[in-house]
Amino acid sequence: FIEIFLEKRIWKFMINIFAAFTIFYVINGLFYLFAVINLLFKQQTHDNTMALSNPFVSVIIPARNEAETIKKCIDCLRAQEYPQDLYEIIPVNDASNDDTAEIINAIAEIDNKVRPVHITSPNRENRGKINAIDQGILQAKGDIIITTDADIWMGNNWIVRMVQNFDEKTGVMIGVTLDEISKHPVHAFQALDGVCIRVIASALAEINKPITCQGSNLAFRKKAYMEVRERVLSLGAVCGNREWLMQEIDLATDWKIKTQMHPDSIAHTHSPNSWKALINQRSRWASTGKNYSKLSVRLYLICIYFSLLAFIAGPFFLDIETSSILWGLKFLIDFPVAIAVVKAVRQPHFLVAFPIVFILQPLMVVITAFLGTFGLYRWK
């Protein structure tokens with residue numbers, strides 16, 4: 001009798017735990033859906049507005065061993081429709097040991113908008129991308145800084161759109177980068193899951209709940225950066241990613257954080273070509289979570305982690321019917337969010353990847369969060 005009683009108590013306890021995490025996931029998903037729909041309405045208004053004046057813009061491209069990609073990126077930037085005397089391109093050669101420096105220098109010889117910065121190996125001290133960007137910013141003449149990556153390409157109106165909604169209170173403008181989609185399962189997963197992460201991040205920032213952003217399409221005022229520079233460099237030396245800039249501006253200054261999702265503002269890149277490479281990339285992204293300045297954000301991310309872990313563990317601890325209900329609820333929230341996201345970036349064909357993302361996303365988050373937390377990944 002006692003054994004039966006204990007089994008029932010344990011079973012009821014487990015059901016309650018799984019139910020609690022599922023309810024959290026659904027409520028959080030509804031919050032995401034509301035945020036993305038709100039972003040859609042706001043962006044429809046923003047799309048029809050243009051900047052009253054054109055500020056001087058400095059585009060920073062940190063590059064370490066990017067000989068295969070950086071020329072395409074710089075060529076896209078050189079072709080911008082923005083007034084040619086009001087922007088500069090600053091590729092930062094971060095102690096590359098391939099032909100990156102030679103390629104940058106050759107372009108600079110034919111275009112005076114391109115102003116290379118070279119970091120030598122003795123001066124690098126393995127300080128990474130944050131330091132490279134900082135060196136570029138210190139050399140920049142622009143009131144507005146835009147950061148991107150050497151493997152990114154963009155349309156001719158990218159700069160125009162990234163600066164159009166800056167006003168006197170705006171400190172940061174978050175843009176979106178899309179991964180190219182293909183029939184390759186890794187590319188399909190990254191294209192949809194990646195854009196969901198970026199659009200949701202933008203949507204949360206739009207309702208004054210910023211958590212993260214992507215440095216490959218990020219604009220900010222140089223003045224705002226200088227206010228938090230020391231803190232950003234300190235965090236970046238340990239943890240890497242450029243989202244620290246957005247977080248510290250949000251925490252320590254009165255500057256506003258806004259988003260830009262006009263089609264012309266979207267940048268593009270290639271997805272990793274293998275699951276191993278994708279997991280390593282996502283683990284790097286996840287590695288910063290434990291160091292976020294806001295305790296509330298860290299606790300929130302922990303709840304997300306365990307809610308997704310519950311979907312993975314459910315089939316092993318619950319009966320088929322109960323587990324199916326949990327996954328059914330997940331579908332009912334995931335699919336509308338995915339529809340809203342692809343509508344926001346005007347890429348409906350990304351939805352073909354929904355089945356693979358729906359199934360693999362919990363496993364991907366659980367694995368990469370674990371690897372990232374314990375530093376089990378490699379930097380480039």
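Anything mentioned here points back to the structure above.
Chemist: Could you give an account of the nonpolar core, with specific residues and numbers?
Modeler: With 56 residues, the main nonpolar core has L192, V195, V199, V341 and V345 as its most contacted residues. Looking at this core, the element that brings in the most residues is helix α7 (residues 185-206), giving 11 residues. Excluding anything up to four places from it in sequence, L192 contacts V342, F350, A353, F354 and V357.

Chemist: Tell me about the layout of surface pockets, and name the residues and values.
Modeler: Considered as a void within the structure, the second largest pocket measures approximately 180 Å³ in volume. Considering the residues around the second largest pocket, the lining is formed by F31, Y32, L204, N208, K209, P210, I211, K294, S296, V297 and Y300. Listing elements by their share of the lining of the second largest pocket, those giving two or more residues are α1 (2-46) and α11 (295-317). The greatest single-element share of the lining of the second largest pocket, amounting to three residues, is contributed by α11. Residues belonging to the lining of the second largest pocket are distributed by class as follows: seven nonpolar, two polar and two charged.

Chemist: Tell me about the packing of α7 against helix α10 (residues 275-286), and please be specific about residues and values.
Modeler: Packing of α7 against α10 brings their axes to within 10 Å, and their N-to-C directions diverge by 20 degrees. With respect to α10, the axis of α7 lies roughly parallel. Where α7 crosses over α10, the two elements pack in a sense that is left-handed. Two secondary-structure elements touch here, α7 through P185, V186, F189, Q190, D193, G194, I197 and R198 and α10 through W275, L278, Q281, R282 and W285. Each residue belonging to the contact of α7 with α10 can be placed in one class, and the counts come to seven nonpolar, three polar and three charged.

Chemist: Run through helix α2 (residues 70-78), naming residues and quoting values.
Modeler: Residues I70, C73, I74, C76 and L77 constitute the buried set of α2. The buried residues of α2 occupy an angular sector of 155 degrees when projected down its axis, which confines them to one face. In the core, the buried residues of α2 are packed alongside β1 (57-63), β2 (87-94), α3 (100-110), β5 (153-154) and α6 (158-163).

Chemist: Run through the sheet that holds strand β10 (residues 267-269), naming residues and quoting values.
Modeler: What the three strands build is an open sheet, ordered β5-β10-β7; its pairing is mixed. Edge positions in the sheet fall to β5 and β7 (177-179), since each has one partner strand and no second. Direction of pairing for β7 relative to β10: parallel, over a ladder of three bridges. Bridged to T177 within β10 is A267.

Chemist: So, empty space enclosed by the protein: which residues are in play, and what are the values?
Modeler: The probe, sized like a water molecule, is rolled over the atoms to show the empty space still left. Summed over the entire model, instances satisfying the criterion amount to two cavities of 30 Å³ or more. Of the volumes computed, that of the second largest cavity is approximately 60 Å³. Every residue lining the second largest cavity is listed: P210, I211, Q247, D250, L251, Y292, K294 and V297. Broken down by class, the residue content of the lining of the second largest cavity amounts to five nonpolar, one polar and two charged.

Chemist: Tell me about the sheet that holds strand β6 (residues 170-174), residues and numbers included.
Modeler: In spatial order, the strands read β3-β2-β1-β4-β8-β6-β9; together these seven strands make up an open sheet with mixed pairing. Strand pairing shows two members of the sheet lacking a second neighbour, β3 (117-119) and β9 (256-259), which therefore form its edges. For this sheet, the mean inter-axis angle between neighbouring strands, taken without regard to orientation, is 20 degrees. Sheet topology note: the β1/β2 ladder contains seven bridges and is parallel. Its bridge partner being in β2, S58 is matched across the sheet by E88. Each of β1 and β2 touches α2; the most contacted strand, β2, lies at about 165 degrees to it. The sheet contacts of α7 involve β6 and β9, and relative to β9 the element is tilted by about 135 degrees.

Chemist: Please set out the environment of G136 residue by residue, giving values where relevant.
Modeler: As for its position among the elements, G136 is in helix α5 (residues 128-139). The class for G136 is buried, based on a relative accessible area of 0%. For the pair G136 and I60, spaced 76 residues apart in the sequence, the C-alpha separation amounts to 6.1 Å. What G136 contacts, discounting residues up to four positions off in sequence, is I60, I90 and V92.

Chemist: Tell me about the pairing of β1, and please be specific about residues and values.
Modeler: Within β1, seven of the seven residues are buried, leaving the element largely enclosed by the surrounding structure. Across the two faces of β1 the burial is the same, with V57, V59, I61 and A63 and S58, I60 and P62 all buried. Crossover connection from β1 via α2 to parallel β2: handedness right-handed. One ladder, built from four bridges, connects β1 with strand β4 (residues 144-147); its direction is parallel. Opposite S58, over in β4, you have I145 as the bridge partner.

Chemist: Before we move on, can you summarise the packing of α2 against α3 with the specific residues and values?
Modeler: Following both chains from N to C, one finds α2 and α3 inclined at 25 degrees, their axes separated by 10 Å at the closest point. What the angle tells us is that α2 and α3 run roughly parallel. Crossing angle aside, the handedness with which α2 passes α3 is right-handed. On the side of α2, the interface is formed by I70, K71, I74 and R78, while α3 contributes T100, I103, I104, I107 and I110.

Rules used in this analysis
- Residues numbered from 1 in each chain as written.
- Predicted model: local features only at pLDDT ≥ 70, side-chain atom pairs only at ≥ 80, totals over all residues.
- Heavy atoms only, no water.
- Core = buried A, V, L, I, M, F, W, Y, C linked by side-chain atoms within 4.5 Å.
- Buried < 20%, exposed > 50% of the residue type's maximum accessible area, 1.4 Å probe, protein only.
- Helix = DSSP H or I, 4+ residues; strand = E, 2+ residues; numbered from the N terminus.
- Contact = heavy atoms within 4.5 Å.
- 1 Å grid on protein atoms, 1.4 Å probe; cavity = no way out; pocket = protein on both sides within 12 Å on 5 of 7 lines; lining within 4 Å.
- Points joined across faces, edges and corners; volume = space filled by probe spheres on them.
- Nonpolar A, V, L, I, M, F, W, Y, C, P; charged D, E, K, R; others polar.
- Axes fitted to C-alpha atoms, helices over the stretch in contact; angles between N-to-C directions.
- Parallel < 35°, antiparallel > 145°, perpendicular 65-115°, else oblique.
- Left-handed = near helix turned anticlockwise from the far one by under 90°.
- Arc of directions from axis to C-beta.
- Pairing = 2+ DSSP bridges.
- Right-handed = clockwise from strand over helix to strand, strands pointing away.

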